[in-house]
Amino acid sequence: MNMQSDGQFHATTILMVRKGGRVVMGGDGQVSLGQTVVKGNARKVRRLAKGSVVCGFAGATADAFTLFERLETKLEQYPDQLMRACVELAKDWRTDRYLRRLEAMLLVADRQVGLLLSGTGDVLEPETRDGAAIMAIGSGGNYALSAARALADSALDAEEIVRRSMAIAAEICVYTNTSLVIEALDEAQTP
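Summarised in this report is the structure supplied together with it.

Rules and cut-offs
Once a new chain begins, its residue numbering starts again from 1 and follows that chain's sequence as written. The predicted origin of the model limits local features to residues at a pLDDT of at least 70 and limits the giving and counting of side-chain atom pairs to 80 or more, whereas totals for whole chains, interfaces and linings rest on all residues. Calculation of side-chain values draws on the structure's entire complement of heavy atoms; hydrogens and water are dropped beforehand. Numbered from the N terminus, helices here are DSSP runs of H or I no shorter than four residues, and strands are runs of E no shorter than two. Working rule for helices: expected span equals 1.5 Å times residues minus one. Relative accessibility under 20% of the residue-type maximum defines a buried residue, over 50% an exposed one, and the middle range a partly exposed one, all with a 1.4 Å probe and only protein chains included. The contact rule is simple, with two residues in contact once any of their heavy atoms fall within 4.5 Å. The term nonpolar core refers to a set of buried residues drawn from Ala, Val, Leu, Ile, Met, Phe, Trp, Tyr and Cys, joined through side-chain atoms within 4.5 Å. At least two bridges found by DSSP between two strands is the condition for calling them paired. To get an axis, a line is fitted to the C-alpha atoms, and for a helix only the part in contact is used. The angle between two axes follows their N-to-C directions and goes from 0 to 180 degrees.

What follows is about helix H1 (residues 61-77). Its 17 residues place the ends of H1 24 Å apart at the C-alpha level, agreeing with the 24 Å of an ideal helix rising 1.5 Å per residue. Regarding H1, the residues found buried are Asp63, Ala64, Thr66, Leu67, Phe68, Leu71, Lys74 and Leu75. Residues of H1 that are buried sit in contact with strand E7 (45-48), strand E8 (53-59), helix H2 (82-95) and strand E9 (104-109).

Okay, structure coming up:
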(Lines give C-alpha, C1' and ligand atoms only; values in the text may rest on other atoms or scores of the structure.)
Protein backbone atom coordinates (compact mmCIF):
# COMPACT_ATOMS: atom_id res chain seq x y z
CA MET A 1 0.00 0.00 0.00
CA ASN A 2 1.61 3.19 -1.06
CA MET A 3 1.00 6.89 -1.07
CA GLN A 4 1.89 8.73 -4.26
CA SER A 5 3.18 12.29 -4.39
CA ASP A 6 -0.39 13.52 -4.98
CA GLY A 7 -1.22 12.36 -1.42
CA GLN A 8 -3.66 9.67 -2.55
CA PHE A 9 -3.46 6.21 -1.06
CA HIS A 10 -3.56 3.30 -3.47
CA ALA A 11 -4.81 -0.06 -2.25
CA THR A 12 -8.51 0.01 -1.47
CA THR A 13 -11.91 1.62 -1.83
CA ILE A 14 -14.17 2.72 1.03
CA LEU A 15 -17.55 4.36 0.35
CA MET A 16 -20.10 5.91 2.70
CA VAL A 17 -23.66 6.83 1.65
CA ARG A 18 -26.25 8.47 3.91
CA LYS A 19 -29.73 8.35 2.38
CA GLY A 20 -33.28 7.57 3.40
CA GLY A 21 -32.67 7.33 7.13
CA ARG A 22 -29.63 5.02 6.88
CA VAL A 23 -25.90 5.40 6.70
CA VAL A 24 -24.09 2.58 4.90
CA MET A 25 -20.35 2.07 4.59
CA GLY A 26 -18.75 -0.48 2.31
CA GLY A 27 -15.18 -1.50 1.68
CA ASP A 28 -13.52 -3.98 -0.60
CA GLY A 29 -11.31 -6.80 0.65
CA GLN A 30 -8.25 -6.63 -1.57
CA VAL A 31 -4.80 -6.28 -0.03
CA SER A 32 -2.06 -5.60 -2.54
CA LEU A 33 1.68 -5.69 -2.11
CA GLY A 34 3.09 -3.91 -5.13
CA GLN A 35 1.47 -5.54 -8.13
CA THR A 36 0.51 -8.72 -6.27
CA VAL A 37 -2.82 -9.43 -4.57
CA VAL A 38 -1.88 -11.05 -1.26
CA LYS A 39 -5.38 -11.26 0.24
CA GLY A 40 -8.83 -10.86 -1.20
CA ASN A 41 -11.11 -10.74 1.82
CA ALA A 42 -9.63 -8.28 4.32
CA ARG A 43 -12.05 -6.43 6.62
CA LYS A 44 -11.44 -2.70 6.15
CA VAL A 45 -14.80 -1.56 7.54
CA ARG A 46 -15.48 -2.13 11.23
CA ARG A 47 -17.77 -1.10 14.04
CA LEU A 48 -16.44 0.89 17.00
CA ALA A 49 -17.94 2.29 20.20
CA LYS A 50 -20.01 -0.81 20.99
CA GLY A 51 -21.42 -0.84 17.46
CA SER A 52 -22.65 2.75 17.32
CA VAL A 53 -19.92 3.95 14.92
CA VAL A 54 -18.78 2.49 11.61
CA CYS A 55 -15.28 3.18 10.38
CA GLY A 56 -13.37 2.30 7.23
CA PHE A 57 -9.75 2.84 6.31
CA ALA A 58 -7.47 3.23 3.34
CA GLY A 59 -3.72 2.99 3.74
CA ALA A 60 -1.37 0.99 5.90
CA THR A 61 -3.25 -1.58 7.97
CA ALA A 62 -1.17 -1.32 11.15
CA ASP A 63 -1.44 2.47 10.98
CA ALA A 64 -5.20 2.26 10.56
CA PHE A 65 -5.57 -0.06 13.56
CA THR A 66 -3.52 2.35 15.65
CA LEU A 67 -5.92 5.11 14.61
CA PHE A 68 -8.96 2.91 15.34
CA GLU A 69 -7.63 2.36 18.88
CA ARG A 70 -7.02 6.08 19.35
CA LEU A 71 -10.48 6.92 18.02
CA GLU A 72 -12.02 4.33 20.33
CA THR A 73 -10.28 6.07 23.27
CA LYS A 74 -11.57 9.47 22.13
CA LEU A 75 -15.09 8.06 21.80
CA GLU A 76 -14.87 6.81 25.39
CA GLN A 77 -13.76 10.31 26.48
CA TYR A 78 -16.54 11.98 24.48
CA PRO A 79 -19.44 9.51 24.33
CA ASP A 80 -22.07 10.23 21.66
CA GLN A 81 -19.93 13.11 20.34
CA LEU A 82 -18.36 11.73 17.15
CA MET A 83 -17.45 15.15 15.77
CA ARG A 84 -15.59 16.16 18.92
CA ALA A 85 -13.83 12.79 19.21
CA CYS A 86 -12.70 13.06 15.57
CA VAL A 87 -11.48 16.65 15.96
CA GLU A 88 -9.50 15.62 19.04
CA LEU A 89 -8.03 12.65 17.16
CA ALA A 90 -7.13 14.87 14.19
CA LYS A 91 -5.35 17.32 16.52
CA ASP A 92 -3.34 14.48 18.06
CA TRP A 93 -2.65 12.96 14.64
CA ARG A 94 -1.36 16.30 13.34
CA THR A 95 0.79 17.22 16.34
CA ASP A 96 2.07 13.95 17.84
CA ARG A 97 5.45 12.92 16.38
CA TYR A 98 4.53 9.23 16.29
CA LEU A 99 1.04 9.68 14.88
CA ARG A 100 2.23 12.13 12.19
CA ARG A 101 4.02 9.25 10.49
CA LEU A 102 0.89 7.13 10.16
CA GLU A 103 -0.19 6.63 6.56
CA ALA A 104 -3.93 6.07 6.48
CA MET A 105 -7.22 7.87 5.96
CA LEU A 106 -10.46 7.13 7.78
CA LEU A 107 -14.14 7.42 6.96
CA VAL A 108 -16.18 7.47 10.16
CA ALA A 109 -19.95 7.66 10.68
CA ASP A 110 -22.53 7.40 13.41
CA ARG A 111 -26.28 7.91 13.24
CA GLN A 112 -25.95 11.71 12.92
CA VAL A 113 -22.70 12.56 11.14
CA GLY A 114 -20.20 11.15 8.67
CA LEU A 115 -16.60 12.38 8.48
CA LEU A 116 -13.35 11.95 6.57
CA LEU A 117 -10.20 12.17 8.70
CA SER A 118 -6.65 12.60 7.44
CA GLY A 119 -3.21 13.04 8.94
CA THR A 120 -3.07 16.61 7.68
CA GLY A 121 -5.71 17.61 10.21
CA ASP A 122 -8.73 17.34 7.93
CA VAL A 123 -12.09 16.53 9.48
CA LEU A 124 -14.52 16.89 6.60
CA GLU A 125 -18.28 16.37 6.35
CA PRO A 126 -19.80 15.41 3.00
CA GLU A 127 -22.08 17.71 1.07
CA THR A 128 -25.68 16.60 0.73
CA ARG A 129 -26.81 16.37 -2.89
CA ASP A 130 -29.97 14.85 -4.26
CA GLY A 131 -30.96 13.79 -0.75
CA ALA A 132 -27.74 11.84 -0.11
CA ALA A 133 -24.44 12.54 1.63
CA ILE A 134 -21.58 10.62 0.02
CA MET A 135 -17.84 10.31 0.71
CA ALA A 136 -15.14 7.90 -0.46
CA ILE A 137 -11.44 7.25 0.09
CA GLY A 138 -8.77 5.03 -1.40
CA SER A 139 -7.51 4.32 -4.87
CA GLY A 140 -10.97 3.50 -6.20
CA GLY A 141 -12.64 6.17 -4.10
CA ASN A 142 -13.22 8.64 -6.89
CA TYR A 143 -14.78 5.94 -9.09
CA ALA A 144 -17.11 4.81 -6.31
CA LEU A 145 -17.91 8.43 -5.41
CA SER A 146 -18.82 9.27 -9.01
CA ALA A 147 -21.01 6.21 -9.37
CA ALA A 148 -22.75 6.88 -6.04
CA ARG A 149 -23.45 10.48 -6.99
CA ALA A 150 -24.93 9.33 -10.28
CA LEU A 151 -27.20 6.90 -8.44
CA ALA A 152 -28.10 9.20 -5.53
CA ASP A 153 -31.31 10.59 -7.04
CA SER A 154 -32.57 7.15 -8.08
CA ALA A 155 -35.05 5.04 -6.12
CA LEU A 156 -32.18 2.84 -4.85
CA ASP A 157 -31.59 2.76 -1.10
CA ALA A 158 -28.22 3.57 0.50
CA GLU A 159 -27.05 -0.04 0.66
CA GLU A 160 -27.84 -0.75 -2.98
CA ILE A 161 -26.07 2.46 -4.02
CA VAL A 162 -22.98 1.33 -2.08
CA ARG A 163 -23.07 -2.16 -3.59
CA ARG A 164 -23.49 -0.94 -7.19
CA SER A 165 -20.93 1.84 -6.83
CA MET A 166 -18.35 -0.50 -5.31
CA ALA A 167 -18.92 -2.95 -8.19
CA ILE A 168 -18.26 -0.15 -10.67
CA ALA A 169 -15.09 0.88 -8.83
CA ALA A 170 -13.90 -2.76 -8.85
CA GLU A 171 -14.30 -2.87 -12.63
CA ILE A 172 -12.03 0.16 -13.03
CA CYS A 173 -9.51 0.16 -10.16
CA VAL A 174 -6.99 -2.70 -10.08
CA TYR A 175 -6.56 -2.21 -6.30
CA THR A 176 -10.28 -2.84 -5.63
CA ASN A 177 -12.20 -6.12 -5.69
CA THR A 178 -15.79 -7.23 -5.24
CA SER A 179 -15.35 -8.95 -1.86
CA LEU A 180 -17.31 -6.39 0.17
CA VAL A 181 -17.83 -5.73 3.84
CA ILE A 182 -20.95 -3.62 4.39
CA GLU A 183 -21.99 -2.04 7.69
CA ALA A 184 -25.14 0.02 8.17
CA LEU A 185 -26.74 2.17 10.86
CA ASP A 186 -30.24 3.61 10.99
CA GLU A 187 -30.14 7.39 11.47
CA ALA A 188 -31.18 8.89 14.78
CA GLN A 189 -34.81 9.93 14.91
CA THR A 190 -35.46 13.49 16.04
CA PRO A 191 -38.45 13.92 18.35
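Judged by nonpolar contacts, the single largest core of 23 residues is most densely connected at Leu71, Leu82, Leu106, Val108 and Leu117. Contributing elements (two or more residues each) for this core: E8, H1, H2, E9 and strand E10 (114-117). The leading source of residues in this core is H2, at 6 residues. Other than its neighbours up to four places away in sequence, Leu82 contacts Val53, Leu75, Val108, Ala109, Asp110, Val113 and Leu115.

What follows deals with the sheet that holds strand E3 (residues 13-19). The 5 strands are arranged E12-E13-E3-E4-E14 in an open sheet whose pairing can be described as antiparallel. On the outer flanks of this sheet lie strand E12 (128-129) and strand E14 (181-186), each paired with one strand and no other. Two elements, E12 and strand E13 (residues 132-138), share 2 bridges in a ladder whose sense is antiparallel. Residue pairing for E13: Thr128 is matched across the bridge by Ala133. Packed on one face of the sheet, helix H3 (residues 141-151) meets E3, E12 and E13 and runs near 165° to E13. Sitting on the sheet, helix H4 (residues 158-172) touches E3, strand E4 (22-27) and E14, and the angle it makes with E3 is about 155°.

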